Amino acid sequence: MERYRVQPDKKFKMEDISPDDKSGFDSTKEEAKIKLLELNEELETLQELLYAEGKHKLLVVLQGMDAAGKDGTIRHVFEGVNPQGVSVTGFKVPTDEELAHDYLWRIHKATPRRGQIMIFNRSHYEDVLVVRVKNLVPPEVWKKRYAQINAFERLLTEEGTTILKFFLHISPEEQKERFQARLDDPSKHWKFNTGDLKDRALWGKYQKAYQDVLNRTSTKWAPWYVIPANRKWYRNLTIACIMIDTLKNLKMKYPKNKEDLSGIVIK
Ligand code: ADP
C-alpha cells in the first residue's frame, strides 16, 4: 500500500495515481466483499487492543470531493468495530463561535483521547481547500496555514497520536454518475445538494488546491495516502489494509491485570 503514500520529498501530481487503479488487489467485487469482512474482523481486534491498552490515539482524516465516498468508507471499513471505541466528527461550515476563534480551535477539541479512534469527515484541510477556492480569506492568510497545520500535527504525534490522512481520489465522470444516481433515486434526494454542483464547476481549482495540500502537508509524522476511489470495494480494501498495518506497527499489548488472578476459582 506504500504506493499510495505521498512522499514528503517528491513532487506529487494528481495524474500519478489513477482513480481507477486496482493494481493492489487482484479481486472481483464478490471476492473483495469476503476479504473486507476478514479485514473488518482484524480491525475489530486491533481496535479492542488499542482500547484495552489505553496508550495510543489514532486520528483518521478523510477528505475528497463531494460524493467521493467519505460516508461509505466510514460505514464499510469500520463495520463490526465496537462503536464505543470509534467516533466520527464531521466538520461543516464553521459556526459564528468557531469563526470567532482560530481555525484549529474546533479541530483540536475533537482530536482522539487515549485508546480511541477518531475519524474526521472533512477536517482542518477545508481551511486550505474550500476557503482557498472560494476566497473566504485572503491568500496571505491561507498560505501560512500549511506550515501551521504541519506544526499542529507534529504536536499531536509527539503527544502520542498516530495520524493517517486519506484523500479519496475520484474522477469527474464518476462524480457525475454518483450525483445522477442520487437524483434518480428519491430515497437519495436528501443527499443531493445543489451547492455541490457549484463545487463541481470548480473541479480544476479544487484539484489544484488538493495537489498543493498533498505536496505541502504529507509529512513523515502525518502522511497522506491518495486512495483510488472510483471503485468502492477497492477504496475500502485499501484503507482497511493501511489502517491494519498502521495499528500492527504500534506493537500494542493487552495490559496485565494489577491483581494476581492465578489462584482464583469461580464458585
Ligand atoms: P458533507 O460533509 O456530507 O458534504 P455538507 O453537505 O453539510 O456535509 O457539507 C459540509 C460543507 O461545509 C462543505 O461544503 C464544506 O466545504 C463546508 N466546510 C467545511 N469546513 C469548512 C470551513 N472551514 N470553511 C468553510 N466551509 C467549510
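Please refer to the structure placed before this passage.
Residues numbered from 1 in each chain as written. Predicted model: local features only at pLDDT ≥ 70, side-chain atom pairs only at ≥ 80, totals over all residues. Heavy atoms only, no water.

Novice: Just to check I follow, could you spell out helix α1 (residues 29-53) for this structure?
Specialist: Note: α-helices contain 3.6 residues per turn, so residues at a spacing of three or four share the same orientation. When the terminal C-alpha atoms of α1 are compared, their 35 Å separation across 25 residues agrees well with the 36 Å that a helix rising 1.5 Å per residue should span. Taken together, the buried positions of α1 are A32, L36, L39, N40, L43, L46, Q47, L49, L50 and E53. As for α1, its buried residues are in contact with α2 (70-77), β2 (86-90), β3 (117-121) and α11 (232-249). Following α1 by one or two positions, G54 adopts a phi angle in the positive range, close to 60°. (Helix = DSSP H or I, 4+ residues; strand = E, 2+ residues; numbered from the N terminus. Expected span 1.5 Å × (residues − 1). Buried < 20%, exposed > 50% of the residue type's maximum accessible area, 1.4 Å probe, protein only. Contact = heavy atoms within 4.5 Å.)

Novice: Before we go on, may I ask you to explain a positive patch on the surface in this structure?
Specialist: A cluster of basic residues, K29, K33, R75, K188 and K232, forms a positive patch on the protein surface. For K33, the position within the fold is in helix α1. Assessed through its relative accessible area of 57%, K33 is described here as exposed. (Patch = residues over 30% accessible without salt bridge, like charges linked within 9 Å, V, L, I, M, F, W, Y side chains within 5 Å. Areas by Shrake-Rupley, 256 points an atom, 1.4 Å probe, with all protein chains shown as cover. Salt bridge = Lys/Arg side-chain N within 4 Å of Asp/Glu carboxyl O. Lys, Arg positive; Asp, Glu negative; His and termini not counted. Charge placed at Lys NZ, Arg CZ, Asp CG, Glu CD.)

Novice: Help me understand the site of the ligand in this model?
Specialist: Every one of the 13 residues lining the ligand counts as a neighbour, but K92, V93, R122, E126 and D127 are closest to it. Note that an oxygen atom of the ligand is positioned 3.1 Å from one of the backbone N or O atoms of V93. Within the side chain of R122, one N or O atom sits 2.6 Å away from an oxygen atom of the ligand. By residue class, the composition of the shell around the ligand is 6 nonpolar, 1 polar and 6 charged. (Near = heavy atom within 4 Å. Polar contact = N/O pair within 3.5 Å; in protein donor to acceptor, adjacent residues only side chain to side chain. Nonpolar A, V, L, I, M, F, W, Y, C, P; charged D, E, K, R; others polar.)

Novice: Sorry if this is basic, but what is going on with the packing of α1 against α11 here?
Specialist: For any two helices packed against each other, one specifies the inter-axial angle together with the distance between the axes. As a packed pair, α1 and α11 sit with axes 9 Å apart at the nearest point and diverge in direction by 30°. Looking at the two axes, α1 sits roughly parallel to α11. α11 is crossed by α1, and the crossing has left-handed handedness. Contacts from K29, A32, K35, L36, L39, E42, L43, L46 and L50 of α1 reach α11 at W233, N236, L237, A240, C241, M243, I244, L247 and K248. Along the lines of polarity and charge, the residues of the contact of α1 with α11 split into 13 nonpolar, 1 polar and 4 charged. (Axes fitted to C-alpha atoms, helices over the stretch in contact; angles between N-to-C directions. Parallel < 35°, antiparallel > 145°, perpendicular 65-115°, else oblique. Left-handed = near helix turned anticlockwise from the far one by under 90°.)

Novice: Just checking my understanding: could you explain the sheet that holds strand β1 (residues 57-64) for this structure?
Specialist: Two strands in a sheet stick together by hydrogen bonds in their backbones, pointing the same way (parallel) or opposite ways (antiparallel). The strand order β2-β3-β1-β4-β5 describes an open sheet built from 5 strands, whose pairing is parallel. Of all strands in the sheet, those with a lone pairing partner are β2 and β5 (224-228), marking the two edges. Each adjacent strand pair in this sheet contributes to an overall mean axis angle of 20°, direction not counted. Note that β1 and β3 share 5 bridges and pair parallel. What sits directly across from L62, in β3, is N121. Relative to β1, α2 is tilted by about 140°, and along the sheet it contacts β1, β2, β3 and β4 (161-169). (Pairing = 2+ DSSP bridges.)

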